[in-house]
Amino acid sequence: MGRVEGKVALVTGAGRGQGRRHAVRLAEEGADVVALDVCTPIATVPYAMASADDLAETARLVAAAGRRVVAVEADVRDGAALDEACARAVDELGRLDVVVANAGITSTSPALEITDEMWSTMIDVNLTGVWRTLKAAGPHVVRGGRGGSMIIVSSMATMHPNENIAHYTAAKTGLVGLMRVLAKELARHSIRVNTLHPGTVATPMVLNDAVYRLFRPDLENPTREDLEAVTRTTHALPVALIDPDAVADAVLYLASDESRYVTGSTVTVSAGNDL
């Protein structure tokens, strides 16, 4: 028996990166998966988003782990699309137990130079999009009557903010407040709600020119190696970047019954960045 055997998990932002690893790790431990991603560019995001082919590959990997999968192209800013995806998931897979609200974006700018569009898009995706995801999925978990787990992917930026990401930090910090209220409201249904705070993880959201410039504004054309020269100094453990599998292992713990008494918590995977 796997650690989440028989459960059904919804993972947003599942097309690649952390979201893909969360979906596959849960499948490897026995969960059927609803894999959701927007699969289209977002105007203010300075790197390529996951594609339809990326989402299809996630679905293939979940199926290869021997689990059922429902792959949905949907934008977390679209409440109706999320309602439809959750209803379809329950119809096809029979239940919903775990929600991993992972979808998120980043962009960079000095706080006083952030455009209205950059600010609105960041808040709409990284904060409101999480609320919409939980609003669509939560009633299905409640109706199941079996309890469950909601895992909100926040960021170490809530604890150790950097310059040029005020909009990102504001959105990710807002998730902590949302989590704490939901943890109180849903405890009576035995539904746990926690935020997960990864550090600098080796995914496409980090491994791109915009983030390299964020960490190394002193260089004209910084590279991954230049990024790692900085991040290595911020970690207590001797690592430069965090493996996405380590974050997926934390998601698995929070999704499983091993965390049955853990709710209202901020869980960090930071290589000691929070020390």
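These numbers were taken from a predicted model, which means no experiment stands behind them.

What counts as what
Here the residue numbers are simple positions, counted from 1 along each chain's written sequence. Restriction of local features to residues with pLDDT of at least 70 applies here, the model being predicted, together with a cutoff of 80 or more for giving and counting side-chain atom pairs; totals for whole chains, interfaces and linings are based on all residues. With hydrogens and water stripped out, all remaining heavy atoms of the structure feed into the side-chain values. Helix numbers and strand numbers start at the N terminus; a helix is a DSSP run of H or I with at least 4 residues, a strand a run of E with at least 2. Every radius of gyration here is taken over C-alpha atoms, with the globule rule written as 2.2 Å times N^0.38, N being the number of residues. A simple rule labels every residue: compare its accessible area, found with a 1.4 Å probe on the protein chains alone, to the largest value its type can have, and call it buried under 20%, exposed over 50%, or partly exposed in between. We define a nonpolar core as any set of buried Ala, Val, Leu, Ile, Met, Phe, Trp, Tyr and Cys residues linked to one another through side-chain atoms lying within 4.5 Å. Should any heavy atoms of two residues lie within 4.5 Å, those residues are counted as being in contact. Here, strands pair whenever DSSP counts at least two bridges between them. If you view a crossover with the strands going away from you and the path from the first strand over the helix to the second runs clockwise, you call it right-handed. Fitted lines through C-alpha atoms give the axes, limited to the stretch in contact for helices. The angle between two N-to-C directions lies from 0 to 180 degrees. Helix span, as expected, comes to 1.5 Å for every residue beyond the first. Here is the rule for angles: anything less than 35 degrees is roughly parallel, anything more than 145 is roughly antiparallel, 65 through 115 is roughly perpendicular, and the remaining ranges are oblique. What makes a crossing left-handed is the near helix being turned counterclockwise from the far one by less than a right angle; a clockwise turn instead makes it right-handed. Three categories are distinguished: nonpolar for Ala, Val, Leu, Ile, Met, Phe, Trp, Tyr, Cys and Pro, charged for Asp, Glu, Lys and Arg, and polar for the others, with Gly belonging to the last. The salt bridge definition used is simple: a Lys or Arg side-chain nitrogen within 4 Å of an Asp or Glu carboxyl oxygen. The directions from the helix axis to the C-beta atoms are what the arc is built from.

(A) Expanded view of the overall build of the protein chain. On a plain count of helices and strands, the protein chain comes out with 8 helices and 7 strands. Here the C-alpha atoms of the protein chain give a radius of gyration of 18 Å, agreeing with the 19 Å that 2.2 N^0.38 yields for 275 residues. Each principal axis of the C-alpha atoms in the protein chain carries an extent, and together these give about 55 × 35 × 35 Å. When burial is assessed residue by residue, the protein chain has 53% of its 275 residues classed as buried.

(B) Seen up close, the nonpolar core. Counting 48 residues, the largest nonpolar core has Leu 10, Ile 105, Leu 134 and Val 193 as the members making the most contacts within it. The dominant element in this core, judged by the number of residues it contributes, is helix H5 (residues 166-186), at 9 residues. If near-sequence neighbours (up to four positions away) are discounted, Leu 10 is found in contact with Val 34, Leu 36, Cys 86, Leu 96, Val 98, Val 99, Val 100, Thr 133 and Ala 137. Core analysis: the second largest hydrophobic core is formed by 30 residues, Ala 9, Ala 27, Val 33 and Leu 196 among them.

(C) Focus on the pairing of strand S1 (residues 8-12). Among the 5 residues of S1, 5 are classified as buried, and the element is accordingly described as predominantly covered. Residue alternation in S1 divides its side chains into two sets, Val 8, Leu 10 and Thr 12 and Ala 9 and Val 11, and both sets are buried. Bridge count between S1 and strand S2 (residues 32-37): 5 bridges; the pairing is parallel. From the neighbouring strand, Thr 12 faces S2, where its bridge partner is Leu 36. This β-α-β element, S1 to helix H1 (residues 17-28) to S2, shows right-handed connectivity. When S1 meets strand S4 (residues 98-101), the two strands line up parallel, connected through 3 bridges. The residue of S4 that forms the bridge with Ala 9 is Val 98.

(D) Representation of the sheet that holds strand S7 (residues 266-269) within the structure. Sheet architecture is open: 7 strands sit in the order S3-S2-S1-S4-S5-S6-S7, paired in parallel fashion. Of all the strands in the sheet, just strand S3 (69-73) and S7 have a single pairing partner and so form its edges. The mean inter-strand angle of the sheet, taken between neighbouring strand axes irrespective of direction, is 15°. The strands touched by helix H4 (residues 116-144) are S1, S4, strand S5 (148-153) and strand S6 (191-198); relative to S4, the strand with the most contacts, the crossing angle is about 175°. Strands S4, S5, S6 and S7 of the sheet are contacted by helix H8 (residues 244-255), whose axis makes an angle of about 165° with S6.

(E) Here's a closer look at H1. With 12 residues, H1 extends 17 Å from end C-alpha to end C-alpha; this agrees with the ideal 16 Å at 1.5 Å per step. All of the buried residues in H1 are Gln 18, Gly 19, Arg 20, His 22, Ala 23, Val 24, Arg 25, Leu 26 and Ala 27. Two residues or fewer after H1 comes Gly 30, characterised by a positive phi angle close to 110°.

(F) Representation of the packing of H1 against H8. For the pair H1 and H8, interaxial distance at closest approach is 9 Å and the crossing angle is 50°. With respect to H8, the element H1 is oriented oblique. Seen along the crossing, H1 lies across H8 with a hand that is right-handed. Taken together, the residues of H8 that come into contact with H1 (itself represented by Gln 18, Arg 21, His 22, Arg 25 and Leu 26) are Pro 244, Asp 245, Val 247, Ala 248, Asp 249, Val 251, Leu 252 and Ala 255. Partitioning the contact of H1 with H8 into residue classes produces 7 nonpolar, 2 polar and 4 charged.

(G) Representation of the pattern of salt bridges in the model. For the structure shown, the criterion picks out 17 salt bridges. Notably, a salt bridge pairs Asp 257 with Lys 7, separated by 3.6 Å at the nearest N-O pair. Here Asp 257, found in the loop between H8 and S7, pairs with Lys 7, found in the segment before S1; they are 250 residues apart in sequence, far enough to count as distant. Put simply, Arg 232 and Glu 228 hold a salt bridge, and the shortest N to O gap is 3.9 Å. Of this pair, Arg 232 and Glu 228 both sit in helix H7 (residues 224-234), 4 residues apart, which is roughly one turn of the helix. Glu 228 gets classed as buried once you look at its relative accessible area, which sits at 17%.

(H) Expanded view of helix H2 (residues 52-64). Over its 13 residues, H2 runs 18 Å from end to end, which matches the ideal 18 Å to within 8%, given 1.5 Å per residue. Taken together, the buried positions of H2 are Leu 55, Thr 58, Ala 59 and Val 62. Taken down its axis, H2 places every buried residue within 100° of arc, on the same side. Opposite the buried face of H2, at more than 90 degrees from it, the exposed residues are Asp 53 and Ala 64.

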